[in-house]
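Remarks on the overall topology
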Amino acid sequence: MKKILVPTDFSNNAYSALFYATRLFQDQACQFYILNTFEVDTPTLTSRIDTEKGEKLYKRLSNESQEKLTETYHSIVRDSEDFKHTFETISVSKKLTDTINKTIKSKKIDLVVMGTKGASGAKEILIGSNTVQVIEKIKDCPILAVPDEFDFKKPTEIGFATDFKSLYNPEELKPLLEIATAFSSNIRVMHIHEEEKLDEMQEYNLESLKENFKQLNYCIHWIPRFAQKAKLINEFIDKMNIDMLCMSYYKHGLMESITREPVIKKIGFHLSVPFLVIPELS
């Protein structure tokens, strides 16, 4: 059974991500863990009064978290009653990324799904800074970021952006391969090339990727770099009617170079489709 962790802040954005995930895996049984974290500011003083205030605040926030998780639980059970999914709620008074990492290990999570909301109106906006932080700090599990209030659509066209600088193995690509197989997706491999030719290592990695995709429909698009990479990827998504974007996150790779682009460091890049980030397995 696939185990999926969905952090929530009880926004429509977060529920939209949970709803999307239930549809994406509608044909298989999944165990969903719905996680809410809250932080209690510890008083700088340690008097009995401060301690009592801290305990009251903790109880209030904990009760609110539990109540809203119960509401979310009942809503998603009602909205996914046709599927073979089960749901469990988790409320923790800890930092979000630390809790996600611990839960991935303790529950043997296969995928983290989270909503992402960029600032409205700006064309370059990515996936909000919180999501970028999670992507940068969660290294041992694939992450699927779902745009705000995104209506489920079968991912029949999947964009896979790569620089061919990493050797992909089947285990790393498993999340992508599973989704593409389930929906008979066409994988559009996108390479933004800065040199006229691939070097020897890139050629080898390209052949390896072809081997991994041999049972699927795929094609390769060579895109010359004439603008920021984030802009080129956005244009590719629009032009090719991409339903889901996938990238691998590894040191000095394409994903890292994008998050370090000037615009991205401030606000991220515009995300109009679900974004699957797969980690490099150590």
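The rules behind these values
Residues numbered from 1 in each chain as written. Predicted model: local features only at pLDDT ≥ 70, side-chain atom pairs only at ≥ 80, totals over all residues. Heavy atoms only, no water. Salt bridge = Lys/Arg side-chain N within 4 Å of Asp/Glu carboxyl O. Buried < 20%, exposed > 50% of the residue type's maximum accessible area, 1.4 Å probe, protein only. Pairing = 2+ DSSP bridges. Helix = DSSP H or I, 4+ residues; strand = E, 2+ residues; numbered from the N terminus. Axes fitted to C-alpha atoms, helices over the stretch in contact; angles between N-to-C directions. Contact = heavy atoms within 4.5 Å. Core = buried A, V, L, I, M, F, W, Y, C linked by side-chain atoms within 4.5 Å. Phe/Tyr/Trp six-rings, centres within 6.5 Å; stacked < 30°, edge-to-face > 60°.

In this section: the pattern of salt bridges. In the structure shown here, the tally under the stated rule is nine salt bridges. The closest approach of N and O atoms between Glu-211 and Lys-214, which form a salt bridge, is 2.6 Å. Residue Lys-214 is classed as exposed on the basis of its relative accessible area of 51%.

Moving on to the sheet that holds strand β5 (residues 143-147). Here 10 strands make up an open sheet; going across it, the order is β3-β2-β1-β4-β5-β10-β9-β6-β7-β8 and the pairing mixed. The strands lining the two open edges of the sheet, one partner per strand, are β3 (85-92) and β8 (217-224). For this sheet, the mean inter-axis angle between neighbouring strands, taken without regard to orientation, is 25°. Two elements, strand β9 (residues 244-249) and strand β10 (residues 275-279), share five bridges in a ladder whose sense is parallel. In the sheet register, Met-247 faces β10, and the bridge partner there is Val-277. Contacting β1 (2-7), β6 (157-161), β7 (186-193), β9 and β10, helix α5 (residues 170-182) runs over the sheet at an angle of about 145° to β10.

Moving on, we get to the nonpolar core. Counting 41 residues, the largest nonpolar core has Val-113, Leu-144, Phe-160, Phe-213 and Leu-276 as its most contacted members. In terms of nonpolar packing, the next biggest core, distinct from the first, is built from 33 residues, Met-114, Ile-135, Leu-232 and Phe-275 among them.

Another aspect to go through is the side chain of Ser-62. Along the chain, Ser-62 turns up in helix α2 (residues 48-79). Relative accessible area serves as the criterion here: at 14%, Ser-62 is assigned to the buried category. With near-sequence residues (within four places) excluded, Ser-62 lies in contact with Phe-38 and Ser-91.

We now examine the packing of aromatic side chains. Each aromatic ring pair is specified by the distance between its two centres and by the angle formed by the two planes. For the structure on display, the rule yields nine aromatic pairs. Relative to Tyr-58, the ring of Phe-38 has its centre 5.8 Å away and its plane inclined at 45°; by these criteria the two rings are tilted. Within this pair, whereas Phe-38 is found in the loop between β2 (30-37) and α2, its partner Tyr-58 is found in helix α2, the two being separated by 20 residues in sequence. Looking at Phe-38, the relative accessible area reads 9%, which means it is buried. Under the relative-accessibility criterion, Tyr-58 is labelled partly exposed at 40%. Ring geometry for Phe-152 and Phe-183: centres 6.3 Å apart, planes at 55°, overall tilted.

The next point concerns unusual backbone geometry. Look at Phe-10: it is not a glycine, yet its phi comes out positive at around 70°. Considering the arrangement of structural elements, one finds Phe-10 in the loop between β1 and α1 (12-24). Residue classification places Phe-10 among the partly exposed residues on the basis of a relative accessible area of 27%. Of note, the phi angle at Phe-164 is positive, near 60°, even though the residue is not glycine. Tracing the chain through its elements places Phe-164 in the loop between β6 and α5. Given the relative accessible area of 1%, Phe-164 is considered buried.

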